[in-house]
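Structure assessment
Below, each chain spelled out in residue letters.
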Amino acid sequence: QLQLVESGGGLVQPGGSLRLSCAASGFTLDYYAIGWFRQAPGKEREGVSCIIHNGGSTNYADSVKGRFTISRDNAKNTVYLQMNSLKPEDTAVYFCAAVPSSSYYYCLSEWVDRKYDYWGQGTQVTVSS
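These remarks concern the structure in this document. (Residues numbered from 1 in each chain as written. Predicted model: local features only at pLDDT ≥ 70, side-chain atom pairs only at ≥ 80, totals over all residues. Heavy atoms only, no water.)

Here we look at the overall build of the chain
Basically, it comes down to this: The helix count covers DSSP runs of H or I at least four residues long, the strand count covers runs of E at least two residues long, and both are numbered beginning at the N terminus. For the radius of gyration, the atoms used are the C-alpha atoms, and the globule rule reads 2.2 Å times the number of residues raised to 0.38. When accessible area is computed with a 1.4 Å probe and restricted to protein chains, residues below 20% of their type maximum are described as buried, those above 50% as exposed, and intermediate ones as partly exposed.
Within the chain one finds one helix and 11 strands. Listing each helix as α and each strand as β along the chain from the N terminus yields β-β-β-β-β-β-β-β-β-α-β-β. At 13 Å, the chain has a C-alpha radius of gyration in line with the 14 Å of a compact globule built from 129 residues. Along the first, second and third principal axes, the C-alpha set of the chain runs to 40 × 25 × 25 Å. Per-residue burial for the chain yields a buried fraction of 44% across its 129 residues.

Here's what the structure looks like:
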């Protein structure tokens, strides 16, 4: 029953904001880096952002730099993705995923889906007027 549960998605107008949450159950996030990925219809899944186990380093896709902020609260076993200035091209299903802290290379240097052990079910984000 080790799983990640996502919430916070929905419909928002261009320029609006959403905050996504990723909560772990059955295990602690203390030993995992957490990445956010997204997938739009007809497109491959892409990495959006990642944060290492202690929050000391983060990584962002060029397309979201300056607009999105990743953070974590290990006491609450939760990781967040604050999304501001949303654009229609941000529309996608957003997933969070956990990779062991020792493999932080796949968080900070190269997002490799296969290296992530646990995945959330995904939450839909739709940016439209």
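From this point, the discussion proceeds with the structure in view.
So, the state of the cysteines
This is how the line gets drawn: The disulfide criterion used throughout: a pair of cysteine sulfur atoms within 2.5 Å.
Tallying each qualifying case throughout the model produces two disulfides. Two residues share a disulfide in this structure: Cys 22 and Cys 96, whose sulfurs sit 2.0 Å from each other. Across the S-S bond linking Cys 22 and Cys 96, the dihedral sits near 75°, which makes this disulfide right-handed. You can see Cys 22 sitting in strand β3 (residues 18-25) and its partner Cys 96 sitting in strand β9 (residues 92-100), a full 74 residues away along the chain. By relative accessible area, which is 0% here, Cys 96 ends up buried. In this model, Cys 50 is linked to Cys 107 through a disulfide, with the two sulfur atoms separated by 2.1 Å. With the S-S dihedral at roughly -125°, the linkage between Cys 50 and Cys 107 falls on the left-handed side.

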